[in-house]
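# Fold and geometry: a report
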Amino acid sequence: MENLKVKPVLGVTKPISLIKPTEFDVRRSLELEKVLVDAKLYEVEEEERKKEVIIEKLHEIVKSWVKQVTRRRGYTDKMVENANALILTFGSCRLGVPGPGSDIDTLCIGPSYVNREEDFFISLHNILIGIKEVSELLPIPNAHVPVMKFKFEGVSIDLLYASVSHLIVPDDLDIYDESILYEADEPTVRSLSGCRVADQILQLVPNVENFRTTLRCLKFWAKRRGVYSNVTGFLGGVNLALLVARVCQLYPNANPSMLVSRFFRVYTQWHWPNPVMLCPTEDKEIGFPVWDPRRNPLDRNHLMPIITPAYPNMNSSYNVSSSTLEAMMKQFHTANKICDGIELNESSWGALFEPFLFFRAYQNYLQVEITAADADDLRAWKGWVESRLRQLTLKVERCTSGKLLCVPCPSGHVNKSRQSFHKTYFMGLRKKPGVEVEEVIDIRVATQEFKEETLNKFLFWTPGMEINVSHVLKKQLPSYVFSDEYGTRSQSSKSTNQQHQNKRKKNSEMVDVKNRVQENKKGRSESDGLAKEEDSGLFQNASLKEVELCCI
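So, here's what we can say about the structure. (Residues numbered from 1 in each chain as written. Predicted model: local features only at pLDDT ≥ 70, side-chain atom pairs only at ≥ 80, totals over all residues. Heavy atoms only, no water.)

## Examining the sheet that holds strand S8 (residues 421-431)
Taken in spatial order, the four strands make up an open sheet running S7-S8-S6-S10, and their pairing is antiparallel. The open sheet terminates on both sides in strands that have one partner only, identified here as strand S7 (404-408) and strand S10 (466-473). Pairwise comparison of adjacent strand axes, ignoring direction, gives a mean angle of 25° for this sheet. As paired elements, S7 and S8 share five bridges and run antiparallel to each other. Pairing of Val407 across the sheet is with Gly428, part of S8. Where helix H12 (residues 375-399) meets the sheet, it contacts strand S6 (364-372), S7, S8 and S10, and its direction lies at approximately 10° from that of S8. Most of the contacts of helix H13 (residues 444-456) go to S10, to which it runs at about 155°, and overall it touches S6 and S10. (Pairing = 2+ DSSP bridges. Helix = DSSP H or I, 4+ residues; strand = E, 2+ residues; numbered from the N terminus. Axes fitted to C-alpha atoms, helices over the stretch in contact; angles between N-to-C directions. Contact = heavy atoms within 4.5 Å.)

## Concerning the environment of Pro478
Considering the arrangement of structural elements, one finds Pro478 in the loop between S10 and helix H14 (480-503). For the pair formed by Pro478 and Asn415, sequence separation is 63 residues and the distance between their alpha carbons is 8.7 Å. With residues near it in sequence (within four places) discarded, Pro478 still touches Gln367 and Phe426.

## Describing the state of the cysteines
Counting across every chain of the model gives zero disulfides. Residue Cys339 stays outside any disulfide, its sulfur separated by 7.8 Å from that of Cys217, the closest cysteine. Of the residues examined, Cys339 reaches a relative accessible area of 1% and is grouped as buried. (Disulfide = S-S within 2.5 Å. Buried < 20%, exposed > 50% of the residue type's maximum accessible area, 1.4 Å probe, protein only.)

## Topic: the pattern of salt bridges
When the charged atoms of two side chains lie near each other, side chains of opposite charge can form a pair. Within this structure, the stated rule accounts for 30 salt bridges. Here Glu136 ties to Lys151 by a salt bridge, and the two come within 3.9 Å at their closest N and O atoms. Taken together, the residues span a long stretch of sequence, with Glu136 in strand S3 (residues 134-140) and Lys151 in strand S4 (residues 147-152) at a distance of 15 residues. Between Lys149 and Asp158 there is a salt bridge, and its shortest N-O distance comes to 3.1 Å. The class for Asp158 is buried, based on a relative accessible area of 15%. Counted as one network, the salt bridges with shared partners bring together Glu136, Lys151, Asp376 and Arg379. (Salt bridge = Lys/Arg side-chain N within 4 Å of Asp/Glu carboxyl O.)

Written out as structure tokens, the structure is:
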């Protein structure tokens, strides 16, 4: 059972405040937790048990696989009998914040003679193909962290592999014993990092349960506001966990409602690229590079460094670009104002989780459409293209000297009226605040380079895999992108309004709710005013509302 007592001072600085929650704060936390429960963000017991059974089955599969490899390598019968592999979880499961339908991040740890290239991605892959519970198997050996993705009994699994310096892997292997890093390659170190970082985070926060509730809330917020996607340059689960943990250190006695408000208060004022760190970095004799911009020139290019607490300390948010950082900061400021209103009893938690209407927020978009011959090919092609979208953002920024921001929509879209195997991604385009731009911006070099590199660098390309990039105005967007957006907005607005009515039932607030509903019906942009501001034109200082973009 977790120790819920406040721990000694944690972090690289002293806390900002030791203030404890008032009765009002306690009440607001209960309201927040009710919102999270109503949003079905907690796993039910049946799903939790199913995942536990799947992990057990996966453990038996990899143990059997390692024994087969051991026999094939010519080891003795005794060695085969003792051969072992472990399955550990990381990510949301290890942090204790899994949600319904969430995937299971797993790490397989095997002995030194079982390698990743031949054994894991070929031998184990072939075994998984023959297991009836396994579907949608997709190996990604060339990823920054090599991974095998698949579904087991319908549950999504991300499986990493680490070969450690042991002939026999003990069941009680200490993943913090740095001897397991000896002779390890960098993909192995990165694979082990997920488990090590998760455990360190839980050790470095003063109150684990408050941390978990706050993290669950912030993940929900980030998804609703379109800034949750590490692969496209926004925040992922680990990034958010580290940011939340640092706020927990700065306000060790705060409860979840206080921590959510302080989260936005702290990070709207944070001077990036000053790093967020939970503990000092350590440079050890093992020799792996540690994040340090004073010694490593490449680290100086990181815009939003969020440093992992386990050795070797790394920047977990190296994917962040100028475009995504600017988008996230706007969302931080919007949320901060809403939280101020909540603290003054002038707003409700529902307002914080209003969805960001991406397709109302910009005048210009890039549309990236991919196709493939069948569902399996599309799955592989889609994974590769999604990992490359960040490069399109960087290329657009580079070819316009940083004047144009290219902000990705984290999720792809499917036109259900089409029979082909396809997916479409969109990037919002807007000028960087405070800069002058020309009437015609030529980004053909950026889009052409992106298309060519995406096609040419994909090792598993097959005929039928195609990609097209085009510029579309807001008024030209396909209708299918709005269906989910409008449905989500309508449901969220209804929920928010109900919360207002139940909470206070005062005439003045009823008028306010009525006005908000009327604004939604008139098609105005979001209540936070961001989209409304941008609807005045892509470039507020330009003479044209729709600036011509040469992109194909």
